[in-house]
Number of protein chains: 2
Amino acid sequence: MTDPAEPSPHESHPWKLSMSGLDLSTLAASESLFTLANGHIGLRGSLEEGEPRAVPGTYINGFFEERPLPHAEAGYGFPESGQTVVNVTDGKLIRLYIGDSPFDVRYSTTQFHERTLDLRSGTLERRTEWTSPNGSSIRVTSRRLVSFTQRALAAISYEVESLDGDVYVALQSDLLANEPGAAPSHDPRNGASLDRPLHAELAACRDQRATLVHRTLRSDLLVAAGMDHVLEVPDHVQTTIEAAGDLARFTVTARLPRGTKLHLVKLIAYGWSSRRSAPALRDQVEAALAVGRLAGWQGLLEGQRHFLDDFWSRADVRIEGDPGLQQAVRVSMFHVLQAGARAEGQAIGARGLTGLGYDGHTFWDAETFVLPMLTYTIPRAARDHLMWRHLTLEQARERARELGCEGAAFPWRTIDGRECSGYWPAGTAAFHINADVADATARYLAATGDTEFETNCGVELLVETARLWASLGHFEGALFRIDGVTGPDEYTAIVDDNLYTNVMAQKNLEEAANACERRPDVALRLGVDAAEMRRWREAADAVVLLYDDQLGVHSQSEGFTSHDEWDFEGTEPQMYPLLLHFPYFQLYRKQVIKQVDLVLAMHLRGELFSPEEKARNFAYYEARTVRDSSLSAATQAVLAVETGHLELGYDYWAEVAFVDLGDTLDNAGDTLDNAGDGLHIASMAGSWLVAVAGFGGMRDHGGRVTFAPRLPPALTRIRFQMTFSGRVVLVDTRRNGSASPEETTYELLEGDAIRTWHHGEPVDLEAGAPVTLPVPAAPEVEPVHQPFGRAPRRRQPQP
Amino acid sequence: MTDPAEPSPHESHPWKLSMSGLDLSTLAASESLFTLANGHIGLRGSLEEGEPRAVPGTYINGFFEERPLPHAEAGYGFPESGQTVVNVTDGKLIRLYIGDSPFDVRYSTTQFHERTLDLRSGTLERRTEWTSPNGSSIRVTSRRLVSFTQRALAAISYEVESLDGDVYVALQSDLLANEPGAAPSHDPRNGASLDRPLHAELAACRDQRATLVHRTLRSDLLVAAGMDHVLEVPDHVQTTIEAAGDLARFTVTARLPRGTKLHLVKLIAYGWSSRRSAPALRDQVEAALAVGRLAGWQGLLEGQRHFLDDFWSRADVRIEGDPGLQQAVRVSMFHVLQAGARAEGQAIGARGLTGLGYDGHTFWDAETFVLPMLTYTIPRAARDHLMWRHLTLEQARERARELGCEGAAFPWRTIDGRECSGYWPAGTAAFHINADVADATARYLAATGDTEFETNCGVELLVETARLWASLGHFEGALFRIDGVTGPDEYTAIVDDNLYTNVMAQKNLEEAANACERRPDVALRLGVDAAEMRRWREAADAVVLLYDDQLGVHSQSEGFTSHDEWDFEGTEPQMYPLLLHFPYFQLYRKQVIKQVDLVLAMHLRGELFSPEEKARNFAYYEARTVRDSSLSAATQAVLAVETGHLELGYDYWAEVAFVDLGDTLDNAGDTLDNAGDGLHIASMAGSWLVAVAGFGGMRDHGGRVTFAPRLPPALTRIRFQMTFSGRVVLVDTRRNGSASPEETTYELLEGDAIRTWHHGEPVDLEAGAPVTLPVPAAPEVEPVHQPFGRAPRRRQPQP
């Protein structure tokens, strides 16, 4: 065995992510980063020949198997069944044989190996030059896509070229179910691995096409995978097709004279259902394959390019002064798009469709971190996710009843809408997810004015979540309190009057009342009367916001600022993330914060806090936040910028943008839970959030979109587009060198005239009339500090 | 099959518990109530012939098997292995055949069947008259004991008499390992059932003696069971002995002429070890059998009687006016004695050695409810249990380190000293167990002056628990606070400054400092210096006691009195116990109390509260306490009496005394978790506690024993003995009829002159000089009330 060519770090191409060589130690992470997905199908970036591989993943959104959730001591309302995403039938496989040698870059000599994710064409290209053990040299060029335009389809263009002589080649293009997975992990945050979850139901083949249908045993779901092929070959060729059980195979054997190429286009289609029969599913994927044949490889490529051109024209963020960050932000936005583009009735998972991490579950971060980006860049995708929430309302109502509450209680983690959390203090008790769903709903409605969604889903989502809060809280005298819940910070649990929960519940109650006033027809249908709306407003007006007069800061929850301090100086670096080295009881009772909580409230409900309060609160909580979650640095960046800590905001931006790209893995909290298990989609959306809400200062309080741009010292330009109220607005902030003054140009790229705000001043935008305004100087501020050893790495821009 | 004779309720004999007939529906509970035990061996009251049976239990204190503790989501410090008591080799079995029919009261005709537990002889007697299917009538009389004087021994006297003709009889006297158990339960509070936990290691037999040695597979413990026999038979007889694997058998076949008797005495011995070999354990039980042969049945009977005469002379409680209560209190005291009499290095479990409930684990109630009775009646047994705690100090120190604390953290539930709790908010977080151990230690030291125990164990227990509190609490300004813990009330968890925990920790810190001042030699050995003692005293002096000024009551924990009220009126009776019908999160965040918490603090630390505070606090918390735990009513009785609610105290007394005797099962909380799984030893000790601390008004604050007796209206006399400071003191309170005044006679039965107190007035006692004093009239009080539907049943004395 010889090593493949020495890997080189990925270069900072503005629109591409490339890796040369093949470093086996980062293979899992590279598979995640090279995942292609469209929100429905996800194919990890594993090699066509199948090996070497880390995690051979093919996922279909919403398709899962159940597993028992054991409890050492059972309790009422503890979920007894969990759900986990399934690695479905693998259609990526094209095994190649040169003479009698399998093509495997771990063996013999690899002259060249490069993989490139292209963010504008939406393809993963791979080029390999390899010499077989008996001396035959070949070039393999593959390119694959998961179609944004044909959501059931993926395709691979696979080309083999003989470089130095006539060779016999054999190709096996497979569909393979129940392929062996990676070894199980012991980190509690990783997913459960299932052993052979798919039961063969149907296999069919004809010509160059084959289909396999399988069933899961416990969740009782059917999945169909199909493939078809278009073959171009210069000389004599033989093909066979076969399908049975867990394997379908299209075999090609051919003689390849020197300098000639064999070209195979493999079309792959997937479908799943909880209701349709195996033959119906087979027919469905075969229809998709027929569409694919009609479009052809070029047609699919063109559709992909067109879709992405449209996306980038509405969504792009351009950064000048830090090419690495530019690349990372675009790669991140591309993966967020892939997670949600065509989900259509399914959820956006915490890892998208890129890995088995977190069992493929969806959490609150979909609404709070991912949906803001989607709402302002590709609102249809935000709507799809909220429609999934609406589809699961019945499960959420049932859960609320089980918990003794009214309205709907959305699950902490789920695939199909039923609660799958095995630890209730950080699951069931985190009721804020309901306000997060409401917040995302209200944001989507304000940004789009989508009355059809409002009528059919939006008002109901707001009403049912508001009903939950009305029953969860209680009046103590003139105060409305919400006791015994857990906020976003998972190092504090089951507390009274968590500030984040309270202010988000307050907004939920107000938005529900507003929506019912706006849409009395829908309110009537949902049984909301004037008395109920009045109760919501009374509760919202009376919500407690705890403030510690002695310290001059708000309190994260009742008693928080009286708790003991964590001994950060006495905590060794390898003890992070703390949850793997300290018991919950120690974490809960001390002033140590896993992830932004009150600081997140100051972002999402910033209108409730004065600038001075924000500055004092930010400094206080910054000193106690260890960032053991990837759901923290983006918001810290946003508030750092708002409170004038521009360099700190820039450092956090880099931390967020490189969570999965790996530059900061040794500094971020999620060292064990890294990119190999799948990408952190919320953190990737955070890269956009820091650009737009952080340095762009974008806020949407009360549905009014405002800006307050500033540049960090290292950058000379940040330019981004936003889609809202049917407009596309460009915000372009620049300066010439770090010492010169900054200015921002606002331009209406699409839609009718609109008013926005620049650092508090109104800006009226009309088509064809850009407005350029100076950026006021940032305030002088006292430095803030992080817990000992937990400061973000200082960002040094690299070319 | 014919029914056995109609069962009649057990009669209220003052010194016996009898049941006639055999009601299969209460078979499990009767097996528990007829358990014989000596703190080392426990034999459930199953029939010699083995069937019918509910739970065939034979337990040896400290002998357990391990089992995995699964967690749906793992967490740092969660125990991964549990422990569960094992039903060891059954030596109670003597199967009888009359002709060709097995003797089984479910078949053919039972003329008479009665079982009697005799509290003074310490035996279980059983008399049956039965006619076999072929018409032969016999009388079977058995009597068994588990020896208080020979702790490794039990014995059965078994007599068969032919009533109406010559019959052939066969007896099989067995040792049987891995006998099938009862069906598994789904109540989370019940124990885990193990399938065939014993692996055969050695079997031996000779003459009429046989021994089996078995090993558990995971905990790797050896248990040896042996039997020997003494046979008296009037006529021709044949015997055989055999032993192999899981079965040893002594077989007797004989002809029994009319009116003659066969008499078999079966001696049974047990031993277990984690270190000794199988042959060594075999020899050990065979030596015990030899001792048993020497003593003989009569010798064992006499030793038993002598032991119990001594116990009752120091411990008896006499009640006039309620024979049922009299019987229940003595039965309860007998079972408490059986749980701890000869534990010697092992613990007193929550169910003693009477069943598999709670997996055979020991909890805090041993120290808080059981040890007070043992300390003042048979102090050696209290010491044995505390010595077990001392033996497990190393495990407790290790647990403290694992939890990031200093000193020792005793487990919430355990058999061998390692934590076995699967739900940390109601396990690990209930740190008060450490103060409870310290409280019991200080009480034992004050009551006995046992300097040897103080030197070797007592000071160290106080010091290591005090060190835990010093590291668990923290100073906030001048206040010492203990955050994030759970008090006794399991419907409130993970709170700041639980009042019970704080005042008990305060006492723990003070007692440790006092002990170190008293014993500087021991303090030196334990590394305690003046600075550490000063820190303990500073912390103790600064402990927070939360008080709600608006309501004029103390708060059970931070924020408790601000929480929402439970909707008691809307809670149906069948929804109790609430934990089986509501999620923890709802219970935790509302003012609903499972069991006394602050009220228990007012008992154990009563010196900290004024009479007015006690009255107000009692009324407030009484209205919110649902008694879903059997660890509640006894303390409610004690505080009810102290605050002048004598009838309520009497009602609670009856509830406590009949928890396992069954009269109140439909009213108490533990309806599902009933006596069939084993007796509630702490509740049984509570029967004594209500007599002595409730109506006797006994308090031992600061080690000073004081009394304040009163009678409930229904009773004419309560007389009890107490052993303390080497004295035995009689306290005898009487009146003639319910309207006449009460008076109390104090008499020194044993030991030197001593001063005590009667309702606050000093009483000097000398030998032979009883003092009689009038009882002051009880104060007039406002009625208190319980949650809707949760008032105790009104006690109506029955003859």
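Residues numbered from 1 in each chain as written. Chains lettered and ligands numbered in written order. Predicted model: local features only at pLDDT ≥ 70, side-chain atom pairs only at ≥ 80, totals over all residues. Heavy atoms only, no water.

Asker: Hey, could you run me through the overall build of chain A in this one?
Answerer: For chain A, the count of helices and strands is 17 helices and 32 strands. Its C-alpha radius of gyration of 27 Å places chain A within 12% of the 28 Å reference for a compact globule of 799 residues. Counting only C-alpha atoms and orienting by the principal axes, one finds that chain A spans roughly 85 × 60 × 60 Å. For chain A, buried positions account for 65% of its 799 residues. The long-range fraction of contacts in chain A, counting pairs at least 24 apart against all pairs at least 6 apart in sequence, stands at 69%. Accessible surface, chain A as shown: approximately 26700 Å² in total, 49% of it carbon and sulfur. (Helix = DSSP H or I, 4+ residues; strand = E, 2+ residues; numbered from the N terminus. Rg over C-alpha atoms; globule rule 2.2 N^0.38 Å. Buried < 20%, exposed > 50% of the residue type's maximum accessible area, 1.4 Å probe, protein only. Contact = heavy atoms within 4.5 Å. Areas by Shrake-Rupley, 256 points an atom, 1.4 Å probe, with all protein chains shown as cover.)

Asker: Explanation requested: unusual backbone geometry in the structure shown.
Answerer: Most peptide bonds adopt trans geometry, and most residues besides glycine take a negative phi value. Here the bond from Tyr 576 of chain A into Pro 577 of chain A is cis, since omega is -5°, no more than 30 degrees from zero. Within the secondary structure, Pro 577 of chain A is located in the loop between strand E25 (564-565) and helix H12 (584-588).

Asker: So what exactly am I meant to see when it comes to the environment of Tyr 107 of chain B here?
Answerer: Residues and elements named next belong to chain B. By the element assignment, Tyr 107 lies in the loop between strand E8 (101-102) and strand E9 (109-118). The partly exposed category is assigned to Tyr 107, whose relative accessible area is 43%. Tyr 107 sits 25 residues away from Ser 132 along the chain, and the two C-alpha atoms are 8.2 Å apart.

Asker: In this structure, what is going on with the interface of chain B and chain A? I would like to understand it.
Answerer: The accessible area lost on association of the parts is a frequent measure of interface size. Counting residues at the interface gives 43 residues for chain B, matched by 43 residues for chain A. Carbon and sulfur atoms supply 58% of the area that chain B and chain A bury against each other, a total of about 3800 Å² over both sides. For the chain B face of the interface with chain A, the top three residues by lost area are Tyr 76, Phe 585 and Arg 589 of chain B, together amounting to 18%. Joining chain B to chain A, the criterion identifies two salt bridges. Where chain B touches chain A, the interface holds 24 residue pairs in polar contact (both at pLDDT 80 or more). (Buried area = accessible area lost by both parts, 1.4 Å probe. Salt bridge = Lys/Arg side-chain N within 4 Å of Asp/Glu carboxyl O. Polar contact = N/O pair within 3.5 Å; in protein donor to acceptor, adjacent residues only side chain to side chain.)

Asker: It is not clear to me how the sheet that holds strand E15 (residues 209-216) of chain A should be interpreted in this structure. Could you clarify?
Answerer: Think of a sheet as strands paired side by side through backbone hydrogen bonds, with each pair either parallel or antiparallel. Residue and element names in this part refer to chain A. Overall, antiparallel pairing links the nine strands, which are arranged E1-E9-E10-E11-E12-E19-E16-E15-E14 in an open sheet. Only two strands of the sheet have a single neighbouring strand rather than two, namely strand E1 (16-20) and strand E14 (198-206). The average angle at which neighbouring strand axes cross in this sheet is 15°, direction not considered. Here strand E9 (residues 109-118) runs beside strand E10 (residues 123-131); their pairing, made up of nine bridges, is antiparallel. Of the residues in E10, the one forming a bridge with Thr 116 is Glu 125. Sheet contacts for helix H2 (residues 278-315): E10, strand E11 (137-146), strand E12 (153-162), E14, E15, strand E16 (222-232) and strand E19 (261-273); angle to E19, the most-contacted strand, approximately 135°. (Pairing = 2+ DSSP bridges. Axes fitted to C-alpha atoms, helices over the stretch in contact; angles between N-to-C directions.)

Asker: Quick question: what am I supposed to make of the side chain of Glu 49 of chain B here?
Answerer: Looking at the secondary structure, you find Glu 49 of chain B in the loop between strand E3 (41-43) and strand E4 (58-60). If we skip the residues at most four places from it in the chain, Glu 49 of chain B touches Leu 93, Ile 94, Arg 95, Phe 103, Val 105 and Arg 126 of chain B.

Asker: Help me understand the nonpolar core in this model?
Answerer: A general trend in soluble globular proteins is that nonpolar side chains are found buried together. Trp 653 of chain A together with Trp 653 of chain B are the most contacted members of the largest nonpolar core, which totals 456 residues. The residues touching Trp 653 of chain A, leaving out its near neighbours within four places in the chain, are Ile 319, Leu 325, Val 329, Ala 637, Ser 687, Val 690, Ala 691, Phe 695, Leu 715 and Ile 718 of chain A. Core analysis: the next-biggest nonpolar cluster, separate from the first, contains 19 residues, Leu 267, Ala 278, Trp 297 and Leu 301 of chain A among them. (Core = buried A, V, L, I, M, F, W, Y, C linked by side-chain atoms within 4.5 Å.)

Asker: Got a minute to help me understand the sheet that holds E3 of chain B in this structure?
Answerer: Pairing is antiparallel across the open sheet formed by three strands, whose spatial order is E2-E3-E4 (chain B). The open sheet terminates on both sides in strands that have one partner only, identified here as strand E2 (36-37) and E4 of chain B.

Asker: What exactly am I supposed to notice about the environment of Gly 404 of chain A here?
Answerer: All names here are of chain A. With respect to the helices and strands, Gly 404 occurs in the loop between helix H6 (393-402) and helix H7 (432-448). A relative accessible area of 51% places Gly 404 in the exposed class. Here the alpha-carbon distance between Gly 404 and Ser 471, two residues 67 residues apart in the chain, equals 8.8 Å.

Asker: Explanation requested: the relation of the copies chain B and chain A in the structure shown.
Answerer: The operation relating the pair of chain copies consists of a rotation about an axis and a translation along that axis. When chain B is fitted onto chain A, the two copies agree to an RMSD of 0.0 Å after a turn of 180° and an axial shift of 0.0 Å. Such a turn and shift between the copies fits a two-fold axis. When C-alpha positions in chain B are compared against the rotation axis, the closest is assigned to His 71 of chain B, at 2.5 Å. The overlap is high: 100% of the interface residues of chain B also sit at the interface in chain A, so the same surface is used on both sides. (Least-squares fit on C-alpha atoms with pLDDT ≥ 70 in both.)

Asker: Help me out: how do you make sense of the pattern of salt bridges in this one?
Answerer: Opposite charge on two side chains makes pairing possible when the charged atoms of those side chains draw close. All names here are of chain A. For the structure shown, the criterion picks out 136 salt bridges over all chains. Note that Arg 144 and Glu 48 form a salt bridge whose closest N and O atoms lie 3.3 Å from each other. Highlighted residues: Arg 144 in strand E11 and Glu 48 in the loop between strand E3 (41-43) and strand E4 (58-60), separated in sequence by 96 residues. Here the two residues Arg 144 and Glu 48 agree in accessibility, since each one is buried. Residues joined by salt bridges that share partners form a network here, namely Glu 394, Arg 397, Arg 401, Glu 460, Glu 464, Arg 467 and Glu 532.

Asker: Would you explain helix H17 (residues 681-695) of chain B in this entry?
Answerer: Because each turn of an α-helix spans 3.6 residues, side chains separated by three or four positions in sequence point in the same direction. All names here are of chain B. Spanning 15 residues, H17 covers 21 Å between terminal C-alpha atoms, matching the ideal 21 Å at 1.5 Å per step. Most pronounced at Leu 689, the bend in H17 amounts to some 40°. Within H17, 15 of the 15 residues are buried, which leaves the element mostly enclosed by the surrounding structure. Phi turns positive one or two residues past the end of H17, at Gly 697, with a value near 65°. (Expected span 1.5 Å × (residues − 1). Bend = angle between axes of the 7 residues up to and from the residue.)

Asker: Looking at this structure, I do not really get the packing of helix H15 (residues 633-642) of chain B against H17 of chain B. What am I missing?
Answerer: Any two packed helices are characterised by how steeply their axes cross, that is the angle between the axes, and by the distance between the axes. All names here are of chain B. Where H15 contacts H17, the two axes come as close as 9 Å, and the packing angle between them is 10°. Classified by the angle their axes make, H15 and H17 are roughly parallel. As H15 packs across H17, the resulting crossing turns out to be right-handed. Where H15 approaches H17, its residues Ala 634, Ala 637, Val 638 and Val 641 are matched on the opposing element by Gly 686, Leu 689, Val 690, Ala 693, Gly 694 and Phe 695. (Parallel < 35°, antiparallel > 145°, perpendicular 65-115°, else oblique. Left-handed = near helix turned anticlockwise from the far one by under 90°.)

Asker: Could you clarify how one ought to interpret the packing of aromatic side chains in this entry?
Answerer: Describing an aromatic ring pair means giving the distance of the ring centres and the angle of the ring planes. All chains considered together, the criterion is met by 48 aromatic pairs over all chains. Where Tyr 423 of chain A meets Tyr 584 of chain A, the ring centres are 4.7 Å apart and the plane angle is 15°; that geometry is what we call stacked. Here Tyr 423 of chain A is found in the loop between H6 and H7, whereas its partner Tyr 584 of chain A is found in helix H12, with 161 residues between them in sequence. Residues Phe 585 of chain A and Phe 431 of chain B carry aromatic rings whose centres are separated by 4.8 Å and whose planes lie at 50° to one another, so their mutual orientation is tilted. With one member in each of two chains, Phe 585 of chain A in helix H12 and Phe 431 of chain B in the loop between helix H6 (393-402) and helix H7 (432-448) form a pair that bridges those chains. (Phe/Tyr/Trp six-rings, centres within 6.5 Å; stacked < 30°, edge-to-face > 60°.)

Asker: Before we go on, may I ask you to explain the state of the cysteines in this structure?
Answerer: Here a disulfide denotes a covalent bond joining the sulfur atom of one cysteine to the sulfur atom of another. All names here are of chain A. Evaluation of the coordinates by the stated rule reveals zero disulfides over all chains. Considering cysteine sulfurs only, Cys 420 is the nearest to Cys 405, which forms no disulfide, with 19 Å between them. Residue Cys 405 is classed as buried on the basis of its relative accessible area, which comes to 6%. By relative accessible area, which is 4% here, Cys 420 ends up buried. (Disulfide = S-S within 2.5 Å.)

Asker: Sorry if this is basic, but what is going on with helix H14 (residues 611-622) of chain B here?
Answerer: Residue and element names in this part refer to chain B. When the terminal C-alpha atoms of H14 are compared, their 16 Å separation across 12 residues agrees well with the 16 Å that a helix rising 1.5 Å per residue should span. Of all the positions in H14, only Lys 614, Asn 617, Phe 618, Tyr 620, Tyr 621 and Glu 622 are classed as buried. In this structure, the buried residues of H14 make contact with strand E24 (553-554), strand E25 (564-565), strand E26 (590-591), helix H13 (598-604), H15 and helix H16 (646-657).

Asker: What's the story with the confidence of the model for chain A in this structure? I'm lost.
Answerer: Low-pLDDT portions of the prediction should not be read for the details of their coordinates. All names here are of chain A. Overall, the predicted model of chain A reaches an average pLDDT of 94, with 95% of residues at or above 70. A low-confidence stretch, residues 1-10 (pLDDT under 50), is modelled with 24 contacts involving residues beyond four sequence positions or located in other chains. Scored by ipTM, the complex comes to 0.90, with pTM at 0.93. (pLDDT = per-residue confidence, 0-100.)

Asker: Mind showing me how you'd approach the side chain of His 335 of chain B here?
Answerer: Turning to its location among the elements, His 335 of chain B is positioned in helix H3 (residues 323-340). In contact with His 335 of chain B, other than residues within four places in its own chain, are Ser 32, Leu 33, Thr 35, Leu 117, Leu 679, Ile 681 and Met 684 of chain B.

Asker: Is there a simple way to explain the pairing of E14 of chain A in this structure?
Answerer: A regular strand carries its side chains on alternate faces of the sheet. Residue and element names in this part refer to chain A. Of the strand pairs in this sheet, E14 and E15 are connected by eight bridges, and their pairing is antiparallel. Bridging from a neighbouring strand, Ala 200 pairs with His 214 of E15. Hairpin connection between E14 and E15: a loop of two residues separates the two successive antiparallel strands, and Asp 207 in this loop has a positive phi of roughly 55°.

Asker: Quick question: what am I supposed to make of the environment of Leu 461 of chain B here?
Answerer: Residues and elements named next belong to chain B. Position of Leu 461 relative to the elements: it lies in helix H8 (residues 451-472). Judged by relative accessible area, which is 1%, Leu 461 ranks as buried. Separated by 53 residues in sequence, Leu 461 and Ala 408 place their C-alpha atoms 8.5 Å apart. Once residues within four sequence positions are removed from consideration, Leu 461 is found in contact with Leu 386, Arg 389, His 390, Leu 393, Phe 410, Val 437, Thr 441 and Phe 453.

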